[in-house]
Amino acid sequence: MIDDLDLGFDDTERGEKGRHRRGAVRRRQGKSGGGRGKTLLALALALVLLGGIGGGAFYGFDRIQNYFVTPDYEGSGTGEVTVEIKQGALLADMADALVAADVVKSTKAFIEAAEENSRSKNIQPGTYKLRKQMSGDAAVAAMLDLKNKIVNGITIPEGLTAKTVFKRLSEKTDIPIKDFEAAAKDPEALGVPDWWFKRSDGKKVKPSIEGFLFPDTYEIPPKATAETVLKLMVDNFLTVTGNLRFAENVQANRGGISPYEVLIVASLSQAEAGNKDDLGKIARVAYNRVYGGNFPCNCLQFDVSVNYYWELTGKPTKASKDMSRAELYDEKNPYSTHAHPGLPPTPINNPGKQALEGALKPPNEKWLFFVAIDKQGHSAFATTNAEHERNIEKAKANGVL
């Protein structure tokens, strides 16, 4: 019987969805020809074997041909359809999206065409204007042609507050700011897992979207809503922190504090650092002050958190030199790290990858102080107040203070 024949194919090669799930796509290396050559050879072998068994066995040909021949459309297709390729999508994910839109006939057709085209690695996330019922080769070629990419991008830089992000998104999309504010009220509905909102320092957490809107360049899909845009940003945050093994590294290396507290520290260093080289160093100062037990009242005393609350409540922000002592030590300001010990209630902006990495693995130093000392944004760090005072004099001499 034909079922007993071994034609050299294992079970993973049968069917499309089974062998092309996320994480299972592999490119061929060191072999001439390609997937289609293999399938044609296998089909020829099957025909010979079937012929050898007898003409009556050909009744099963229609049943087995899809094991060997990749279902594919011919030509460049007709009509028009838009397809979104999400951030971080693998070939299998792209293929699923194209099949769902009837751009290609099978996931296998697109994946094999992409594997045979060395440029396919250049396919970018975003929204594409394609045709229906294209061959796999034509679909790959169309997605490599940037003329078919619908460009509606916006770049969100590191360190912006959620309030500022909403404003920029609204200007780009014409979606009202109030829609972004409404969507942001439930971070978990946007995809933030509830375990993020836990602290080890005993402070109660009121879930906030602040910190989870990852800075990057985004393609805004057609007919986007506030929810879909914010979900894109949250999903990117989860992808980046997942790749960093953020939660696992916090648990292993940060002495019992929670990932949320490390995220807060990352946002503080993002706000304070004038230079990327200082991100991890400022995170170290924050840890030493709040958790080291060697600083009075474990008070952070970062002025940037005072400004955050003012921005949050619609008040103008100020440079540190213009803040009065009463403003710095205002107990009614929950984000005053002068008036209240420990870390602030939430992150104070949306930090980038380098700030996250700096907060995960800061240098092992005993610094308790820092001050910007040049106009390039570099800071000097000190363990004692006397050292700090000398650094302040350097800053004054350089015209920074």
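Here, the structure is the one placed above.
Let us look at the structure shown here. Here the structure is a predicted model, which means the values were calculated and not measured.

Before going further, it helps to examine the overall build of the protein chain. Looking only at helices and strands, one finds 15 helices and 7 strands in the protein chain. Classification of the 401 residues of the protein chain by burial places 45% in the buried group. For the protein chain, the proportion of contacts with a sequence separation of at least 24, taken over those separated by at least 6, is 66%.

Right, let's get into the sheet that holds strand β1 (residues 78-85). Read across the sheet, 3 strands follow the order β1-β2-β3 without closing on themselves; strand pairing throughout is antiparallel. Here the strands that pair on one side only, and so sit at the sheet edges, are β1 and β3 (149-150). Where β1 meets strand β2 (residues 126-132), 6 bridges bridge the pair, whose relative direction is antiparallel. Bridging across to β2, E84 finds its partner in T127. Most of the contacts of helix α3 (residues 91-100) go to β1, to which it runs at about 145°, and overall it touches β1 and β2.

Here the focus is the state of the cysteines. With the rule as written, the count across this model stands at 1 disulfide. Each disulfide pairs two cysteine sulfurs, and for C297 the partner residue is C299, the sulfurs being separated by 1.9 Å. Among the residues examined, C299 registers a relative accessible area of 3% and is labelled buried.

Here the focus is the packing of helix α4 (residues 107-115) against helix α5 (residues 136-144). A packed helix pair is summarised by two numbers, namely the angle formed by the two axes and the spacing between the axes. Contact geometry of α4 with α5 gives a least axis separation of 8 Å together with a crossing angle of 60°. Classified by the angle their axes make, α4 and α5 are oblique. Note on packing geometry: the crossing formed by α4 with α5 is right-handed. Counted together, A109, F110, A113 and A114 of α4 and G136, D137, A139, V140 and M143 of α5 form the full contact between these two elements. Class assignment of the residues belonging to the contact of α4 with α5 gives a composition of 7 nonpolar, 1 polar and 1 charged.

For the rest of this paragraph, the subject is the nonpolar core. In terms of nonpolar packing, the biggest core is built from 63 residues, with L169, I209, F212, L213, L230 and F302 touching the most fellow members. Of all the secondary-structure elements, those providing two or more residues to this core are α6 (162-173), α7 (177-184), α8 (226-243), α9 (246-253), α10 (259-272), α11 (279-291), α12 (303-312) and α14 (353-360). Here I209 is in contact with A162, F166, A184, P187, L190, V192, V234 and N350, once residues within four sequence places are set aside. Counting residues in hydrophobic clusters, the runner-up holds 25 residues, among them A113, A114, L130 and V140.

Criteria and thresholds
Residues numbered from 1 in each chain as written. Predicted model: local features only at pLDDT ≥ 70, side-chain atom pairs only at ≥ 80, totals over all residues. Heavy atoms only, no water. Helix = DSSP H or I, 4+ residues; strand = E, 2+ residues; numbered from the N terminus. Buried < 20%, exposed > 50% of the residue type's maximum accessible area, 1.4 Å probe, protein only. Contact = heavy atoms within 4.5 Å. Pairing = 2+ DSSP bridges. Axes fitted to C-alpha atoms, helices over the stretch in contact; angles between N-to-C directions. Disulfide = S-S within 2.5 Å. Parallel < 35°, antiparallel > 145°, perpendicular 65-115°, else oblique. Left-handed = near helix turned anticlockwise from the far one by under 90°. Nonpolar A, V, L, I, M, F, W, Y, C, P; charged D, E, K, R; others polar. Core = buried A, V, L, I, M, F, W, Y, C linked by side-chain atoms within 4.5 Å.

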